[in-house]
Amino acid sequence: MTEKATFAIFETSSGAKIYRIPLEVFPNFWAYVYLVQKDDYCVLIDCGSGTETSHENLLDGLQQAGVQPADLTHILLTHAHIDHYGGLSQLKPITQAKIGVHELDLQAVSYHETRLALIGRRLASFLADTGLAEETCEQLLSIYRFTKAIYRSVPVDFTYENVDMRVGPFGLIHLPGHCPGHVAIRLEDVIFCGDMVVEGVTPHLSPESINPYSGLDHYLESLAHFQRWAKGARLILNGHDDVITALPERIEATRQNLIRRMSKALDALDKPLTIAEISQAVYGETGGYNALLVIEKTGAYVEYFYEHGMIEITNPDELEQGRPARYRRLREIPDSEMLPKERADVFV
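All values reported here derive from a predicted model rather than from experimental measurement.

Enquirer: Account for helix α10 (residues 288-307), with residues named and values stated.
Expert: Residues that lie three or four places apart on an α-helix share one face, since the helix turns once every 3.6 residues. The terminal C-alpha atoms of α10, which comprises 20 residues, lie 30 Å apart, in line with the 28 Å expected from a rise of 1.5 Å per residue. Backbone geometry just downstream of α10 places Gly-309 in the positive-phi region, at approximately 70°.

Here it is, written out as structure tokens:
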């Protein structure tokens, strides 16, 4: 969200208080964290980026709700993207709250420096394979590494699978795709969905070659699973947008946004293109952090197309010599066949 977010108060069906706290996590980019008071639980869901502005906004929001960091009993992370967990570095010294995260995001939160090095190495390999200029690859890697300056590893107290996906009155569900350890959290008739569904844009995705349990296949399965799990919820509170009251419609809009982008990519693949050239055809010229986001999204789309038999690699000899792969569409793909149809037997 680029426009200023707003403080708000909600209640669950039993009267538990929920305070929505807006944070400017990066310049002109806003996110929401949530303070929840239920019986003896005083829980913060996500904690911002850890920049000075984000941390100040968080402290102001807690104060507006009548709470100090020392009052928190738990900090529950929806996923390990820096705008959602980076604030732990600033919070840890001033609270005794128990910190929870999903197992698949543990390394990013508690072993940040080594995880950054590992994912940075995979990202460098991916970028080299896209066909981007070497100088551009280095610029994008520098953008990725900037989190090293604002976050230091913080130990967590428990992981979600290890507590059977339940923390007191809060139930959780694992929803990989947007992030390997992404979860949604439910308290009675209210759900905190992190970045599972976003308004007006396609969610950020990256290929599994960079981060296992990311990618479009995982995300689509998680969308279907989430819709079933959320049945009966009255409010869906998310990380960046306003309240969602009609989840099926929002999920369908998300699928349609994905189809539009993917269709544009496939249209461009009537001739052999690198990932960088496909990204240019779909998104045009971008710069800064957006340039990194769109090349990763494009990589996720191409990975999906290739694994689902929609495209082919046209230059295997060059590929063996270390040159970027060029992809071409195998056939016309109607929009109705772009994404898999939901099946009743996908989940048990």
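Enquirer: Provide a residue-level description of helix α6 (residues 134-144), including the pertinent values.
Expert: Where α6 is concerned, the buried positions are Cys-137, Leu-140, Leu-141 and Tyr-144. Buried residues of α6, viewed axially, fall in a sector of 100°; they line one side.

Enquirer: Now, about the packing of aromatic side chains: what can you tell me, with residues and values included?
Expert: The final tally for this structure, using the stated rule, is 11 aromatic pairs. A centroid spacing of 5.8 Å and a plane angle of 65° characterise the contact between Phe-26 and Phe-146, whose relative ring orientation is edge-to-face. Within this pair, whereas Phe-26 is found in strand β2 (residues 17-26), its partner Phe-146 is found in the loop between α6 and β7 (158-159), the two being separated by 120 residues in sequence. Look at Phe-26 and you get partly exposed, because its relative accessible area is 21%. Judged by its relative accessible area of 32%, Phe-146 is partly exposed. Of the aromatic side chains, those joined through ring pairs into one cluster are Phe-26, Phe-146 and Tyr-289. For the cation-ring pair, Arg-20 lies above Tyr-32, with the distance from its terminal atom to the ring centre recorded as 4.3 Å.

Enquirer: Run through the nonpolar core, naming residues and quoting values.
Expert: The nonpolar side chains of a soluble globular protein tend to be buried with one another. Within the largest apolar cluster, 57 residues are counted, with the highest numbers of intra-cluster contacts made by Phe-226, Met-262 and Phe-305. At the level of secondary structure, the elements contributing two or more residues to this core comprise α5 (112-130), α6, β11 (190-194), α7 (216-229), α8 (247-268), α9 (275-283) and α10. For this core, the element with the most residues is α10, which contributes nine residues. Those residues within four positions of Phe-305 in sequence are excluded, and the remaining contacts are Met-262, Ala-265, Leu-266, Met-310, Ile-311 and Met-338. Formed by 55 residues, the second largest nonpolar core is a distinct cluster that contains Ile-75, Ala-80, Leu-88 and Val-156.

Enquirer: Would you mind going over a negative patch on the surface in detail, with residue names and values included?
Expert: Together, Glu-208, Asp-217, Glu-221 and Glu-307 line one region of the surface with negative charge. Examined against the element boundaries, Glu-208 turns out to sit in the loop between β11 and α7.

Enquirer: Got a sec to walk through the side chain of His-102? Specific residues and values, please.
Expert: With respect to the element layout, His-102 can be found in the loop between β6 (98-101) and α4 (106-110). Within the local environment of His-102, its side chain forms a polar contact with the side chain of Glu-161, the two groups lying 3.0 Å apart. The residues touching His-102, leaving out its near neighbours within four places in the chain, are Tyr-160, Glu-161, Met-165, His-174, Gly-181 and Val-183.

Rules used throughout
Residues numbered from 1 in each chain as written. Predicted model: local features only at pLDDT ≥ 70, side-chain atom pairs only at ≥ 80, totals over all residues. Heavy atoms only, no water. Helix = DSSP H or I, 4+ residues; strand = E, 2+ residues; numbered from the N terminus. Expected span 1.5 Å × (residues − 1). Buried < 20%, exposed > 50% of the residue type's maximum accessible area, 1.4 Å probe, protein only. Arc of directions from axis to C-beta. Phe/Tyr/Trp six-rings, centres within 6.5 Å; stacked < 30°, edge-to-face > 60°. Lys NZ or Arg CZ within 6 Å of the ring centre and 35° of its normal. Core = buried A, V, L, I, M, F, W, Y, C linked by side-chain atoms within 4.5 Å. Contact = heavy atoms within 4.5 Å. Patch = residues over 30% accessible without salt bridge, like charges linked within 9 Å, V, L, I, M, F, W, Y side chains within 5 Å. Areas by Shrake-Rupley, 256 points an atom, 1.4 Å probe, with all protein chains shown as cover. Salt bridge = Lys/Arg side-chain N within 4 Å of Asp/Glu carboxyl O. Lys, Arg positive; Asp, Glu negative; His and termini not counted. Charge placed at Lys NZ, Arg CZ, Asp CG, Glu CD. Polar contact = N/O pair within 3.5 Å; in protein donor to acceptor, adjacent residues only side chain to side chain.

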